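Per-entry structural report
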Amino acid sequence: MFSPRPQRIEPQPGQESVWDYPRPAIAQPSTKHIQVVCNGVAIADSRNTIRVLETSHPPVYYIPIADVQMQYLSLTDRHSLCEWKGVANYYTITVGDTVLPNVAWQYPEPTESFNAIRDAIALYPSRMEACYVDGEKAQAQAGDFYGGWITSDIVGPFKGGSGTWGW
């Protein structure tokens, strides 16, 4: 069902509006402290990530493989295609008795514009125990498609929930 484009929320000082992000998407370095916890284990910790920014979407953080505990990730046979980034490979995360299929992804051969994310992993914050940005627990973007991280310094409204596909 088509939903008309919503009204942009005016950002306050120190905030960004996702409606000011570009389309097509861009990759931007970030020094924010990113931490990911799954089943009580810190599986990622980095201050050297890449944010992918796109109009109407909260940022997706790509964490360098060097900062991810890769022993918890196993490659699956799932793939997806992004018109801007290329073909993504997916990973299952297994920590103890918790098995989360296809919750992380990587672009091993991204398009030239997204070469910065080549050796980095993104994941769905909705499927993790907790994802933190500079110590603040991020909220997950609605839906199971995009994987954006919502924090108090990002305002929407955000694409991803029911009725937002037409934005």
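Attention here is on the structure that accompanies the text. Only a predicted model underlies this, so the values are computations on that prediction, with no experimental measurement involved. Residue numbers run consecutively from 1 along every chain, following the written order of its sequence. The predicted nature of this model means local features are confined to residues of pLDDT at least 70 and side-chain atom pairs, given and counted, to a pLDDT of 80 or more, with totals for whole chains, interfaces and linings taken over all residues. The side-chain figures draw on all heavy atoms in the structure; neither hydrogens nor water molecules are used.

1. Notes on the environment of G86
Following the sequence through the fold, G86 ends up in strand β8 (residues 86-95). Exposed residues in this analysis have more than 50% of their type's maximum accessible area, buried residues have under 20%, and partly exposed residues fall in between, with area computed by a 1.4 Å probe over protein chains only. In this structure G86 comes out as buried when scored by relative accessible area, which is 12%. Separated by 26 residues in sequence, G86 and V60 have C-alpha atoms that sit 16 Å apart. Only DSSP runs of H or I with at least four residues qualify as helices, and only runs of E with at least two residues qualify as strands; both kinds are numbered from the N terminus onward.

2. Re the side chain of R51
Considering the arrangement of structural elements, one finds R51 in strand β5 (residues 49-54). Polar contacts involving the side chain of R51 include one to the side chain of E16, which spans 3.2 Å. Any pair of nitrogen or oxygen atoms within 3.5 Å is treated as a polar contact; in protein, a donor-acceptor pairing is required on top of that, and neighbouring residues in sequence qualify only through side-chain atoms on both sides. A distance of 2.7 Å separates a polar atom in the side chain of R51 from a polar atom in the side chain of Q28. Between two residues, a contact is recorded if the distance between any of their heavy atoms is within 4.5 Å. In contact with R51, not counting residues within four places along its chain, are E16, Y21, I26, A27, Q28, S30, P59, V60, Y61 and I154.

3. Thoughts on the sheet that holds strand β3 (residues 34-38)
With respect to topology, four strands assemble into an open sheet ordered β4-β3-β11-β12, the strand pairing being antiparallel. Where the open sheet ends on each side, the last strands, each with one partner, are β4 (41-46) and β12 (136-137). With four bridges connecting them, β3 and strand β11 (residues 130-133) associate as antiparallel partners. From the neighbouring strand, V36 faces β11, where its bridge partner is C131. Should DSSP find at least two bridges between two strands, the strands are regarded as paired.

4. So, the packing of aromatic side chains
In summary, the pairing rule links any two rings of Phe, Tyr or Trp, Trp by its six-membered ring, whose centres are within 6.5 Å, and it sorts them by plane angle into stacked for under 30 degrees, edge-to-face for over 60 and tilted for everything else. On inspection of all chains with the given rule, the structure shows five aromatic pairs. Plain terms: the ring middles of Y62 and W105 are 6.5 Å apart, the flat faces sit at 85° to each other, and that makes the pair edge-to-face. Of the two residues, Y62 is situated in strand β6 (residues 57-64) and W105 in strand β9 (residues 98-106); the sequence distance between them amounts to 43 residues. Overall, Y62 belongs to the buried group, its relative accessible area being 2%. We classify W105 as buried; its relative accessible area is 5%. Both a distance and an angle decide whether a charge sits over a ring: NZ of Lys or CZ of Arg must be within 6 Å of the ring centre and within 35 degrees of the ring normal. Above the face of the F114 ring, K85 is positioned so that its terminal group lies 5.8 Å from the ring centre.

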